[in-house]
Amino acid sequence: MQEHLLHGSKPQNVLPGALDIPPGKPRRPKALSKEAKRIHRELGSQLEERRALTRGDSELLRLYCSLHDRQRHAQAKIDDQGEVCVYTRLDSNGEAHEMEKENIWLGVAERAEKQMLAILVQLGLTPAARMRVRPLKPAPVPMSKEEEFFSVLDRPRHVLDFPEEN
């Protein structure tokens, strides 16, 4: 590392385009259902494998899990009632007429799915977005006090910001 500081070059063992954001594991919200906690854990482990998980992803993962619950609940209603339902409406004379209409839960499920897809794209968990997510730099290995002391002494003068001598 000192050689790179001396010559102004970059180390080769760092992946190109790696971000300076430290990796981290977001906390799992307590208010999630059992199924949503499983999804949170699954998405977190996928992002961790790709070295793309930070503590800042917490709210995005929570939102995805809430939407997953909403979509699952709406899908259960659709499975029970069908995609097209018979509704009764009154005409201008007050007479009841039965009409077939799209199930209102279908709209809830579709909106949730659309938002879930947008979050998956932001997290880089779709095939098209996978290559746009840059990996995070690995967490730095802590140095001992002795290594830290000697690494500072080995740096060039301009890196240490010493005043110029006359």
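Heads up: the structure comes first, above all this text.
Below is a summary of the structure that appears in this document. It should be emphasised that the depicted structure is a prediction, and the values quoted were computed from it without experimental measurement.

**A closer look at the overall build of the protein chain**
The helix and strand tally for the protein chain stands at 6 helices and 2 strands. Its helices and strands taken in sequence order, the protein chain reads α-α-α-β-β-α-α-α from the N to the C terminus. Split into buried and exposed, the 166 residues of the protein chain put 25% on the buried side. Counted over contacts in the protein chain with a minimum sequence separation of 6, partners at least 24 positions apart contribute 62%. Carbon and sulfur atoms provide 53% of the accessible area of the protein chain, an area that totals close to 12,800 Å².

**Digging into helix α3 (residues 58-81)**
For α3, spanning 24 residues, the distance from its first C-alpha to its last is 35 Å, which sits close to the expected 34 Å at 1.5 Å a residue. Packed against the buried residues of α3 are α2 (34-49) and α4 (104-123). Positioned one or two residues after α3, G82 has a phi angle of 95 degrees, which is positive.

**Considering the nonpolar core**
L43, L47, L61, Y64, L123 and L125 are the most contacted members of the largest nonpolar core, which totals 17 residues. Among the elements of the structure, α2, α3 and α4 are those that each provide at least two residues to this core. A per-element tally of this core places α4 first, with 5 residues. In this view, L123 contacts L47, D57, L60, L61 and V133; residues no more than four positions away in its chain are not counted.

**Examining the side chain of D57**
On the secondary structure map, D57 appears in the loop between α2 and α3. R55 provides the closest opposite charge to the buried, salt-bridge-free D57, at an N-O distance of 10 Å. Not counting residues up to four positions away in its chain, the partners in contact with D57 are A52 and L123.

**Side note on a negative patch on the surface**
On the surface, a cluster of negative charge is contributed by D79, D80, E83, E102, E110 and E113. Mapped by element, the contributors of at least two residues to the negative patch are α3 and α4.

**Considerations on the pattern of salt bridges**
Pairing of side chains with opposite charge becomes possible as their charged atoms draw close. Taken as a whole and judged by the stated rule, the model has 5 salt bridges. For the salt bridge of R62 with E59, the shortest nitrogen-to-oxygen distance reads 2.6 Å. Of the two residues, R62 and E59 both sit in helix α3, 3 residues apart, roughly one turn of that helix. Judged by relative accessible area, which is 46%, E59 ranks as partly exposed. Linking D69 and R72 is a salt bridge whose minimum nitrogen-to-oxygen distance equals 3.1 Å. Taken together, the positions of D69 and R72, both in helix α3 and 3 residues apart, correspond to about one turn of that helix. Classification of R72 by relative accessible area gives partly exposed; the value is 41%.

**Examining α2**
End to end, α2 covers 23 Å across 16 residues, agreeing with the expected 22 Å (1.5 Å per residue, within 8%). For α2, the set of buried residues is A36, I39, H40, L43, G44 and L47. Down the axis of α2, the smallest arc covering the buried residues is 130 degrees, so these residues share one side. Residues K34 and E49 are exposed on α2 and point more than 90 degrees away from its buried face. As for α2, its buried residues are in contact with α3 and α4. Immediately downstream of α2, the backbone of R51 shows phi near 55 degrees, a positive value.

Calculation criteria
Residues numbered from 1 in each chain as written. Predicted model: local features only at pLDDT ≥ 70, side-chain atom pairs only at ≥ 80, totals over all residues. Heavy atoms only, no water. Helix = DSSP H or I, 4+ residues; strand = E, 2+ residues; numbered from the N terminus. Buried < 20%, exposed > 50% of the residue type's maximum accessible area, 1.4 Å probe, protein only. Contact = heavy atoms within 4.5 Å. Areas by Shrake-Rupley, 256 points an atom, 1.4 Å probe, with all protein chains shown as cover. Expected span 1.5 Å × (residues − 1). Core = buried A, V, L, I, M, F, W, Y, C linked by side-chain atoms within 4.5 Å. Lys, Arg positive; Asp, Glu negative; His and termini not counted. Salt bridge = Lys/Arg side-chain N within 4 Å of Asp/Glu carboxyl O. Patch = residues over 30% accessible without salt bridge, like charges linked within 9 Å, V, L, I, M, F, W, Y side chains within 5 Å. Charge placed at Lys NZ, Arg CZ, Asp CG, Glu CD. Arc of directions from axis to C-beta.

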